[in-house]
Amino acid sequence: MGRNKFAQDEIREIARLLRLKNAGNRAKQKLVRHDLRTVYEFNISDFNEPGKAFGEEELRQAIDRGAIQVLDDATIADMKAKRARDKARDEAERERQAIAEGEMTDWKQSMEEWEQWEQAQDALEQAERAD
């Protein structure tokens, strides 16, 4: 599930992309859907009726029925920042759990150990040169 709250500028850009999608060939449609999902977190399947095309008119209908909310830019920016924080927190928790269960190596700890080893080697080389 993607977002259902967008700024007015985002709605205008989504409408433009939907026009491109409906006018394009299959490959172009795939690219546009990809942009909608990745740039705007907009999934057509969240708002359309299965089997029916989704275009600018359907976008307006989704807004009118309240399935999509149009909010001010500041609210959307705050929402995106919160989603980014939540995503980073969830990823860190998944990583922590995978390390604890042995499914993954703690690369950060390995990197620290490597840097300590390199520093020890450098110190050893400097000591040998000083002798």
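Residues numbered from 1 in each chain as written. Predicted model: local features only at pLDDT ≥ 70, side-chain atom pairs only at ≥ 80, totals over all residues. Heavy atoms only, no water.

### Concerning the packing of helix 1 (residues 8–23) against helix 2 (residues 26–40)
Then comes step 1: Contact geometry of helix 1 with helix 2 gives a least axis separation of 9 Å together with a crossing angle of 165°. Considering their axes alone, helix 1 and helix 2 lie roughly antiparallel with respect to each other. For the crossing formed where helix 1 meets helix 2, the hand is left-handed. Across the interface between the two elements, Glu 10, Glu 13, Ile 14, Leu 17, Leu 18, Leu 20 and Lys 21 of helix 1 pack against Lys 28, Gln 29, Val 32, Arg 33, Leu 36 and Tyr 40 of helix 2.
Then comes step 2: Per-class residue counts for the contact of helix 1 with helix 2 are seven nonpolar, one polar and five charged. (Axes fitted to C-alpha atoms, helices over the stretch in contact; angles between N-to-C directions. Helix = DSSP H or I, 4+ residues; strand = E, 2+ residues; numbered from the N terminus. Parallel < 35°, antiparallel > 145°, perpendicular 65-115°, else oblique. Left-handed = near helix turned anticlockwise from the far one by under 90°. Contact = heavy atoms within 4.5 Å. Nonpolar A, V, L, I, M, F, W, Y, C, P; charged D, E, K, R; others polar.)

### Quick look at the side chain of Glu 10
Then comes step 1: With respect to the element layout, Glu 10 can be found in helix 1.
Then comes step 2: The residues contacting Glu 10, other than those within four sequence positions of it, are Arg 3, Tyr 40, Ile 76 and Lys 80.

### Describing a nonpolar patch on the surface
Then comes step 1: Judged by side-chain polarity, Met 104, Trp 107, Met 111, Trp 114 and Trp 117 come together as a nonpolar surface patch covering roughly 570 Å² of accessible area.
Then comes step 2: Its location among the elements puts Trp 107 in helix 5 (residues 107–130). (Patch = residues over 30% accessible without salt bridge, like charges linked within 9 Å, V, L, I, M, F, W, Y side chains within 5 Å. Areas by Shrake-Rupley, 256 points an atom, 1.4 Å probe, with all protein chains shown as cover. Salt bridge = Lys/Arg side-chain N within 4 Å of Asp/Glu carboxyl O.)

### Observations concerning the pattern of salt bridges
Then comes step 1: Under the counting rule described, the total for this entry stands at 14 salt bridges.
Then comes step 2: For Glu 10, the salt bridge goes to Arg 3, with nearest N and O atoms at 2.8 Å.
Then comes step 3: With a relative accessible area of 8%, Glu 10 lands in the buried category. (Buried < 20%, exposed > 50% of the residue type's maximum accessible area, 1.4 Å probe, protein only.)

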